[in-house]
Amino acid sequence: MIKKEEILEILDTYNRDEITIATVGSHTALHILKGAKLEGFSTVCITVKGRDVPYKRFRVADKFIYIDDFKDIKNEEVQEKLRELNAIVVPHGSFIAYCGLDNIENNFLVPMFGNRKILRWEAERDLERKILENGNIRIPKKFNSPDEIDRAVIVKFPGARGGKGYFIANSKEEFYKKANLLKERGILDDEDIERAHIEEYVVGANYCLHYFYSPLKNEVELLGIDRRYESNIDGLVRIPAKEQLELDMEPSYVITGNFPVVIRESLLPLVFDMGDKLVKSAKELVPPGIVGPFCLQSLCTENLELVVFEMSARIDGGTNSFMNGSPYSYILYNEPMSMGQRIAREIKLALEFDMLDKIIY
Ligand code: ATP
């Protein structure tokens, strides 16, 4: 594991008047880079030929670092270029997928915004559960084997297949029937079925809650909420029930986009309580805990209970739904604050008060 002292030594060599904010051109890079520019930083986008288009056309990157393949992010030459640019990297979902957790933990010697140790805790389902349970946050009941299924469950599989092959079952028999069908279609193999994650299917409305924890202010802010637009499920539900039955199609839950939403105001105390609890739990289990953005993906039941089925311990893709601010970030900041700009603001504040060591790892 890269030691904090190693990162602080690199930061000591940086010209603090010329800090560059860097990220990979994908996921939430548009508002990370735009937000950095709004806060007065220069920006660099790491990309491959052909994927640079949005960052050029939206003019959010001052510089580009081109690589042949996204998995080359971890290469020494890229790290060296970033250090030469006095870069602070903002990790997002695609950055983590391309660089790889092992490399982030052990080889990627470039200062990063946030706690790099916590990234594994959101990527591995058991660790994610542990952090949520430790925080006393309501999560779906987990079933250890198909034999235990006694209600509607959703069945998920390991690996980043983005909701493809997930299915709903009501019994052990239905579990095997559907799993075998997906196996025949080449979507799953025996090992996947063996390692299936089975959890209570929560019927509710989707709220993905985007928070920012500021170690400088020691406060959790709610900056926005989105709901997911997933394929094919969101298309499937437009087909009338009779035709759905005739079609006999399997649903999938592949994220394709997001809608901004607001939650009924009386639920906000619960929303803040959940954010505070996660920050406390993360501090206990993975010190220094969460630094900056995190997200709790929840379903709100008819009893107005928020059940969290997934968390992100870094900027979540749903923050793209409020690149020009959300109703919540507007109320707090009196300006259209995106999550990307909020990150840059924290870095700017830390530079001003000489507190970079509180937010860079
Ligand atoms: P990603 O990492 O891309 O967010 P994932 O593969 O980890 O996705 P989840 O986010 O856990 O998958 O689930 C995908 C979708 O499945 C959710 O957005 C939601 O629509 C549905 N879903 C997940 N868990 C539950 C649950 N317990 N009850 C009802 N629906 C669920």
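The residue numbering used here restarts from 1 in each chain and proceeds along that chain's sequence as written. Residues qualify for local features only when their pLDDT is at least 70, as the model is predicted, and side-chain atom pairs are given and counted only at 80 or more; totals for whole chains, interfaces and linings, by contrast, use all residues. Hydrogens and water are ignored here; the side-chain numbers use all heavy atoms of the structure.

1. Concerning the site of the ligand
Around the ligand lies a shell of 17 residues, among which Lys156, Tyr166, Glu199, Val202 and Glu230 are the nearest. In protein, a polar contact means a hydrogen-donor-capable atom and an acceptor-capable atom, both N or O and within 3.5 Å, with residues adjacent in sequence counting only if both atoms are side-chain atoms; elsewhere, any N or O pair within 3.5 Å suffices. Measuring from a nitrogen atom of the ligand, one finds a side-chain N or O atom of glutamate 199 at 2.8 Å. One of the backbone nitrogen or oxygen atoms of valine 202 is found 2.9 Å away from a nitrogen atom of the ligand. When the ligand is considered free in solution it has 620 Å² of accessible area, and contact with the protein chains removes 84% of it. Each residue gets one of three labels, nonpolar for Ala, Val, Leu, Ile, Met, Phe, Trp, Tyr, Cys and Pro, charged for Asp, Glu, Lys and Arg, and polar for the others, Gly among them. Grouping the constituent residues of the shell around the ligand by class yields eight nonpolar, three polar and six charged. Both domains that meet at the shell around the ligand, namely domain 2 (123–137 + 203–234 + 256–338) and domain 3 (142–200), each give it at least three residues. Residues are labelled near a given molecule or strand when at least one of their non-hydrogen atoms is within 4 Å of it. Areas reported as accessible are Shrake-Rupley estimates using a 1.4 Å probe. Residue values count occlusion only from the protein chains shown. Residue ranges for the domains originate in an automatic or database domain assignment.

2. So, the sheet that holds strand 1 (residues 20–24)
For two strands to be treated as a pair, DSSP must find at least two bridges joining them. Put simply, DSSP H or I for four residues or longer makes a helix, DSSP E for two residues or longer makes a strand, and each gets a number counted from the N terminus. If you walk across this open sheet you meet the four strands as 3-2-1-4, and the pairing is parallel. Each having just a single partner strand, strand 3 (63–66) and strand 4 (87–89) make up the two edges of the open sheet. If you compare each strand with its neighbour and ignore which way they point, the axes differ by 30° on average. Both strand 1 and strand 2 (residues 42–47) contribute to a ladder of five bridges, which runs parallel. Here, axes are lines fitted to C-alpha atoms. For helices the fit covers the stretch in contact, and angles between N-to-C directions go from 0 to 180 degrees.

3. Some thoughts on helix 2 (residues 29–38)
Because each turn of an α-helix spans 3.6 residues, side chains separated by three or four positions end up pointing in the same direction. Relative accessible area decides the class of each residue, using a 1.4 Å probe on protein chains only: under 20% of the type maximum gives buried, over 50% gives exposed, and in between gives partly exposed. Helix 2 sits mainly inside the fold: seven of its 10 residues count as buried. Looking only at helix 2, the buried set comprises Ala29, Leu30, His31, Ile32, Leu33, Gly35 and Ala36. Residue glycine 40 follows helix 2 closely and has a positive phi angle near 95°.

4. Things to note about the pattern of salt bridges
What counts as a salt bridge is simple: a side-chain nitrogen of Lys or Arg found within 4 Å of a carboxyl oxygen of Asp or Glu. All told, the structure shown has 33 salt bridges when counted by the stated rule. Of the charged contacts in the structure, one is a salt bridge between aspartate 147 and lysine 172, with a shortest N-O distance of 3.3 Å. Here the residue aspartate 147 occupies a position in the loop between strand 5 (142–143) and strand 6 (153–156), and lysine 172 occupies one in helix 9 (residues 172–184), the gap between them amounting to 25 residues. Classification of aspartate 147 by relative accessible area gives exposed; the value is 53%. Using a relative accessible area of 34% as the deciding quantity, one classes lysine 172 as partly exposed. One salt bridge connects glutamate 199 with lysine 156, and the closest N-O pair in it is separated by 3.2 Å. Placement of the pair is glutamate 199 in strand 8 (residues 197–200) and lysine 156 in strand 6, with a sequence separation of 43 residues.

5. Considering the pairing of strand 6
Here strand 6 shows two buried faces, one formed by Val153 and Val155 and the other by Ile154 and Lys156. When strand 6 meets strand 8, the two strands line up antiparallel, connected through four bridges. Residue pairing for strand 8: lysine 156 is matched across the bridge by histidine 197.

6. Points about the state of the cysteines
By convention in this document, the label disulfide applies to cysteine sulfur atom pairs within 2.5 Å. Within the structure shown, the criterion is met by zero disulfides. The cysteine cysteine 208 is free of any disulfide, with cysteine 295 supplying the nearest cysteine sulfur at 5.1 Å. A residue is classified by how much of its surface remains accessible, and cysteine 208, at 0% relative accessible area, is buried.

7. What about the side chain of threonine 301?
Mapped onto the elements, threonine 301 comes out in the loop between strand 12 (292–300) and strand 13 (306–312). Taking relative accessible area as the criterion, threonine 301 reaches 14% and is therefore assigned buried. The contact definition used throughout considers only heavy atoms, calling two residues in contact when any of these lie within 4.5 Å. Residues in contact with threonine 301, not counting those within four places in the same chain, are Val202, Val203, Gly204 and Val307.

8. Here we look at the nonpolar core
Take the buried Ala, Val, Leu, Ile, Met, Phe, Trp, Tyr and Cys residues and link them wherever side-chain atoms come within 4.5 Å; each set so joined is a nonpolar core. Counting residues in hydrophobic clusters, the biggest one holds 52 residues, and the most contacted among them are Ile21, Leu82, Phe95, Phe108, Phe113 and Ile347. The leading source of residues in this core is helix 15 (residues 339–352), at five residues. Each of domain 1 (4–112) and domain 2 (123–137 + 203–234 + 256–338) contributes no fewer than three residues to this core. Here leucine 82 is in contact with Tyr14, Ala22, Val44, Ile46, Ile65, Ala87, Val89, Phe108 and Val110, once residues within four sequence places are set aside. With 32 residues, the next largest nonpolar core counts Trp121, Ala282, Val286 and Tyr328 among its residues.

9. Remarks on the sheet that holds strand 6
Pairing within the open sheet is antiparallel, and its four strands lie in the order 5-8-6-7. Each of the sheet's edge strands pairs with one partner strand only, and the pair in question is strand 5 and strand 7 (167–169). Relative to strand 7, strand 6 runs antiparallel, the two being bridged by three bridges. Opposite isoleucine 154, over in strand 7, you have isoleucine 168 as the bridge partner. Its contacts with the sheet put helix 8 (residues 125–134) on strand 5, strand 6 and strand 8, and the angle it makes with strand 8 is roughly 30°. Along the sheet face, helix 9 touches strand 6, strand 7 and strand 8 and points at about 155° away from the line of strand 7.

10. Re the domain arrangement of the protein
Segmenting the protein into domains produces domain 1 (4–112), domain 2 (123–137 + 203–234 + 256–338) and domain 3 (142–200). Between the C-alpha centres of domain 1 and domain 2 there is a distance of 24 Å. For domain 1, the biggest contributors to the area lost against domain 2 are His27, Thr28 and His31; these three give 54% of the whole. Run the count over domain 1 and domain 2 and you get zero salt bridges. On inspection of domain 1 and its partner domain 2, the count reaches three residue pairs in polar contact (both at pLDDT 80 or more). The dominant element in the side of domain 1 that touches domain 2, judged by the number of residues it contributes, is helix 2, at three residues. Considering only residue class, the side of domain 1 that touches domain 2 consists of five nonpolar, five polar and no charged. By convention, the term buried area covers the 1.4 Å-probe accessible surface removed from two parts as they join, with the contributions of both added.

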